[in-house]
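Architecture and fold: a report
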Amino acid sequence: MAEPKKIKIVAICGSPHKGNTYDILKMLQQSNAEIDFKILMLSELNLKDCLGCYSCINTGEENCPLKDDRDMIIEEMKDADGTIFASPTYARTISALMKKFVERTSYISHRPIFFGKYATALVTCAGFGADSTSKYLNENFTQSGFHFASSAELMVATKSEIETDNNHRKALNGYEKLINAIKSHKEFEPSLGQLVYFKIFKYISEWNKLKGWADYKFYKDKKNFYYEVKIPFLKNRVAKWIEGREIKKFMANR
């Protein structure tokens with residue numbers, strides 16, 4: 001009898017060194033031998049600075065002039081059942097390394113590919129800003145299709161035994177929620193924000209189809225959402241109303 005397939009988790013670590021954030025990830029990795037858990041340290045990978053040329057958004061990610069480890073990281077995320085986005089808090093937001101990763105993969109927020117995948121945000125902080133850092137990760141990667149099962153904001157100011165124990169408990173709790181969400185195989189309904197986002201980008205893809213033909217090609221055969229799903233009538237109407245308001249603003253600034 002074949003062994004059951006292991007759940008795969010990939011952790012994207014935005015710390016420039018193997019310190020507090022990495023230590024928490026290692027603790028999670030060692031907490032359950034039945035999980036295939038891989039840590040990708042962005043500091044150890046070849047990830048170049050985005051040039052802002054818009055090639056990935058307008059004509060397709062395959063036309064990006066930069067050749068680095070971006071696609072390898074994306075493939076690891078696609079192959080995994082869940083992704084942990086882990087970053088220290090620097091100047092009240094994500095680290096420069098994590099921001100570089102966000103920029104290199106920003107085209108996915110235009111053309112989401114991670115629906116059906118779960119994620120969690122793991123943030124360490126020695127002062128202020130963990131909440132805003134966690135919110136940024138959640139909002140950015142939700143736009144890529146991820147469903148966030150949990151988040152953990154961890155204070156690493158004193159490194160005391162009490163603080164360490166508390167951080168481990170919070171991190172393990174968030175990790176357990178991620179694993180349980182993956183095991184549930186639950187089909188989740190798009191949020192109002194995701195629905196509005198879809199409607200706006202479908203409209204813009206039609207409006208900008210000559211220059212931004214990658215988006216146009218992605219959206220042209222999609223009707224109500226990125227994938228087939230039944231959307232409640234009232235939610236769809238509200239989303240349509242918000243879309244009209246936002247499109248009016250957009251066109252007024254052209």
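Heads up: the structure comes first, above all this text.
Let me sum up the structure you'll find in this document. (Residues numbered from 1 in each chain as written. Predicted model: local features only at pLDDT ≥ 70, side-chain atom pairs only at ≥ 80, totals over all residues. Heavy atoms only, no water.)

Using the criterion set out here, one finds 20 aromatic pairs in the structure. Taking the centre distance of 4.5 Å and the plane angle of 15° together, the rings of Phe-114 and Phe-146 count as stacked. Taken as a pair, Phe-114 in the loop between α5 (107-110) and β4 (118-125) and Phe-146 in the loop between α6 (130-142) and β5 (147-155) lie far apart in primary sequence, 32 residues in all. As far as burial versus exposure is concerned, Phe-114 and Phe-146 are alike and both buried. Ring geometry for Phe-115 against Phe-225: centres 5.4 Å apart, planes inclined by 65°, an arrangement best described as edge-to-face. (Phe/Tyr/Trp six-rings, centres within 6.5 Å; stacked < 30°, edge-to-face > 60°. Helix = DSSP H or I, 4+ residues; strand = E, 2+ residues; numbered from the N terminus. Buried < 20%, exposed > 50% of the residue type's maximum accessible area, 1.4 Å probe, protein only.)

Let us look at the pairing of β4. Of all eight residues making up β4, eight are buried, and the element is well covered by its neighbours. Judged by which residues are buried, β4 turns out to be covered on both faces: Tyr-118, Thr-120, Leu-122 and Thr-124 on one side and Ala-119, Ala-121, Val-123 and Cys-125 on the other are all buried. Taken together, the seven bridges between strand β3 (residues 82-88) and β4 define a ladder with parallel strand orientation. Directly across from Ile-84, in β4, lies its bridge partner Thr-120. Across eight bridges, β4 lies against β5 in parallel orientation. Its bridge partner lying in β5, Thr-120 is registered against Ser-150. In the classification by handedness, the crossover that spans β4, the intervening α6 and the parallel β5 is right-handed. (Pairing = 2+ DSSP bridges. Right-handed = clockwise from strand over helix to strand, strands pointing away.)

With that out of the way, let us pick up the nonpolar core. One finds Ile-12, Met-77, Phe-85 and Phe-101 to be the most contacted residues of the largest nonpolar core, which totals 29 residues. Looking at this core, the elements with two or more residues in it are β1 (7-13), α2 (55-58), α3 (70-79), α4 (96-104), α5, β4 and α6. Here Phe-85 is in contact with Ile-12, Met-77, Met-98, Phe-101, Ala-119, Thr-120, Ala-121, Leu-122, Leu-137, Phe-141, Phe-146 and Phe-148, once residues within four sequence places are set aside. Within the second largest apolar cluster, 26 residues are counted, among which are Met-41, Tyr-118, Ala-152 and Tyr-175. (Core = buried A, V, L, I, M, F, W, Y, C linked by side-chain atoms within 4.5 Å. Contact = heavy atoms within 4.5 Å.)

On to a nonpolar patch on the surface, then. Where nonpolar side chains cluster on the molecular surface, the patch consists of Leu-192, Phe-233, Leu-234 and Val-238 and spans about 400 Å² of accessible area. Ranked by the residues each element gives to the nonpolar patch, the list is headed by helix α10 (residues 233-252), at three residues. Looking at Val-238, the relative accessible area reads 33%, which means it is partly exposed. (Patch = residues over 30% accessible without salt bridge, like charges linked within 9 Å, V, L, I, M, F, W, Y side chains within 5 Å. Areas by Shrake-Rupley, 256 points an atom, 1.4 Å probe, with all protein chains shown as cover. Salt bridge = Lys/Arg side-chain N within 4 Å of Asp/Glu carboxyl O.)

Moving on, we get to the sheet that holds strand β2 (residues 35-41). The strand order β2-β1-β3-β4-β5 describes an open sheet built from five strands, whose pairing is parallel. The open sheet has two edge strands with one neighbour each: β2 and β5. Each strand axis lies, on average, 15° off the axis of its neighbour in the sheet, ignoring direction. For β1 and β2, the ladder comprises seven bridges, and the chain directions are parallel. Across the sheet, Ile-12 pairs through a bridge with Leu-40, a residue of β2. Strands in contact with helix α7 (residues 161-184) are β1, β2, β3, β4 and β5; relative to β5, the strand with the most contacts, it is inclined by about 175°. (Axes fitted to C-alpha atoms, helices over the stretch in contact; angles between N-to-C directions.)

Closest axis-to-axis distance for the α4/α6 pair is 12 Å, and the angle between their directions is 15°. Between α4 and α6, the angle is such that the two are roughly parallel. At the point where α4 passes α6, the crossing takes the left-handed sense. For the pair formed by α4 and α6, the contact residues are Met-98, Lys-99, Phe-101 and Val-102 on the first element and Tyr-136, Leu-137, Asn-140 and Phe-141 on the second. Here the contact of α4 with α6 is composed, by residue class, of six nonpolar, one polar and one charged. (Parallel < 35°, antiparallel > 145°, perpendicular 65-115°, else oblique. Left-handed = near helix turned anticlockwise from the far one by under 90°. Nonpolar A, V, L, I, M, F, W, Y, C, P; charged D, E, K, R; others polar.)

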